Structures are given as structure tokens and as C-alpha cells.
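Coordinate inspection notes
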Amino acid sequence: NSSPPLSIHVLNTGGGIPAIKMDVSLHRLSSELIIWNMLGVGLTDENGCCLGMINREDFTPGMYKVRFETSSYWESLCLTSIHPYIEVVFTIRRPEQRLHLNLLISGTSYYTYIES
Amino acid sequence: MSLKRLQTLKDHILPDHKPTAMAGSPSPLTTHVLNTAMGVPGSNMILFLHRQDPCTNAWTQITTGITNEDGRCPGLITKENFTPGVYKLYFETAGYWASLGETCFYPYVEIVFTITNTEQKYHIPLLLSRFSYSTYRGS
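Residues numbered from 1 in each chain as written. Chains lettered and ligands numbered in written order. Predicted model: local features only at pLDDT ≥ 70, side-chain atom pairs only at ≥ 80, totals over all residues. Heavy atoms only, no water.

Where an unreviewed UniProt entry is consulted, chain B appears under the name 5-hydroxyisourate hydrolase, with the organism given as Cynoglossus semilaevis. On record in UniProt, under Subcellular location (unreviewed entry), the comment for chain B is "Peroxisome". In its Catalytic activity (unreviewed entry) section, the UniProt entry covering chain B states "5-hydroxyisourate + H2O = 5-hydroxy-2-oxo-4-ureido-2,5-dihydro-1H-imidazole-5-carboxylate + H(+)". (UniProt positions renumbered as here; feature names shortened; annotations may be inferred.)

The name given to chain A in an unreviewed UniProt entry is Transthyretin, with Cynoglossus semilaevis as the source organism. Under the UniProt heading Subcellular location (unreviewed entry), the note attached to chain A is "Secreted". In UniProt, chain A has this text filed under Subunit (unreviewed entry): "Homotetramer."

Below, the structure is given as C-alpha cells:
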């Protein structure tokens, strides 16, 4: 199964549109030191989706975070937001078949949920 | 690294947990934790408030607290200390769900927000289930 184990989907609920061209990055907490190692970066496409920041072999159990560069995104739309960036931290206990991490944003709120 | 180990190391780095007792006017910044999975307030959840130093980008802890039976934590910050800047609220969600005998996808939740107008009140709630959460700016 070569499909990416993690997919990201960002929706701009303020505008009712996908959040296109948002910079995102995936990080894993190192087990030796309390630092985050960046594993991959991505850019959301015309559907607000981002795949392929990590492949299946590397998506091992551990603590991960996805960082969404929301400030730059809102600035590109000449809008502001109360959240300068959004980080979603989650734990993988066993390799999941496929994980969809969804984020819905407006200038004053956000909602995130996981489907697996 | 286990979450327990991470917490132990964090306790070495951060000051001891001290519930704050703020006298005087109510905090201009409030929060409210709701357990949307069970339809109850998120009570007895540990949280921290930090402010970011604009020069070094380092985070300074301002307050530590624990939500009451209503899921609220009064006295987060004084009006005098509430200066414009970037803040974050850290919610100890793993510990909260563990105390209910459950696991949670999110070991903790950090909400980072920018305060520009300190004349206003800011309400930053957390609506939480095991596989989702949301926050918004209220007043």
C-alpha cells in the first residue's frame, strides 16, 4: 500500500472556500531530546489538500505536529487573524491505515478533527 | 518518549504549579473548556498561559491553573499585565482524558493568539472531544 498515510485538508470557512497555497509542515518529537524534528513541508493545493509530507515507512509511532502558516495565508488575502499560526499535536500509537487531518479556519476561530 | 516522561522533564524546567489567586478586577482574558464528547464542562484540566517575548521569541509562563467544575479558570492575568503581544494557552488534554479512563488523539492543545487591543475582553474557549477540538475568539 503506497498511498500516503497522512493527508491534510484545510478549509477557509470565513470565505466558504478551500484554503489554497497554505504552507504546512510536519514534525516529530525526538525521543532523545525535547525538540521537534521537521519531517516534511507542503503547500495546500486548489482543493486545500496536502499529501505526501511523509511516507508509510517513516510514519512510526510517536508524537507529531502539523504546523499551519495561517498568518501568511490570511495576509495573502489581505485579511487578519487572531491566530498567527496553528499547530495540531497528535499521537500515533500504531501505524494507521490512513489519517485525514482536517482544519477549518476563519479569522477568529478554527476547528480540527481527525478521520482515520 | 512517553508523555509521562515529557511531563516530568517539563516540571524540571518550569516553575512549580501554583494556582494563582488574583484579587481585584476580573481577568481581561478568560477561557472555558467544554467536553463536547460527553456534553459536560471540561473540569480539572491543567492549563498554562504564556506570553512570547517579541525580541527573542521565547515563551514566558504567566499563569498556571486548573479548570473548575464549570470548566473555567478565573484569574488568568491581571489588567496591568495584559499587554499587547502573542500569547498561548496550553491545555493538558492527555491528563484530562486519562482521568476519565480514556485516551485522546491530542496529547495537549496549544492555542496561540495575538492580542492587539487590551481595552477589549478576550474569551478563548476550547471545545474538545477525543478526535476533534475547536476554539474561537469571544468576548
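1. Section: the sheet that holds strand S4 (residues 46-52) of chain B
Residue and element names in this part refer to chain B. Pairing is antiparallel in the open sheet, where 4 strands are placed in the order S5-S4-S6-S7. Every other strand in the sheet has two partners, leaving strand S5 (59-66) and strand S7 (109-115) as the edge strands with one partner each. Recorded for the sheet is a direction-independent mean angle of 20° between the axes of neighbouring strands. With 7 bridges connecting them, strand S6 (residues 85-91) and S7 associate as antiparallel partners. Considered in S7, the bridge of phenylalanine 91 is made with valine 109. (Pairing = 2+ DSSP bridges. Helix = DSSP H or I, 4+ residues; strand = E, 2+ residues; numbered from the N terminus. Axes fitted to C-alpha atoms, helices over the stretch in contact; angles between N-to-C directions.)

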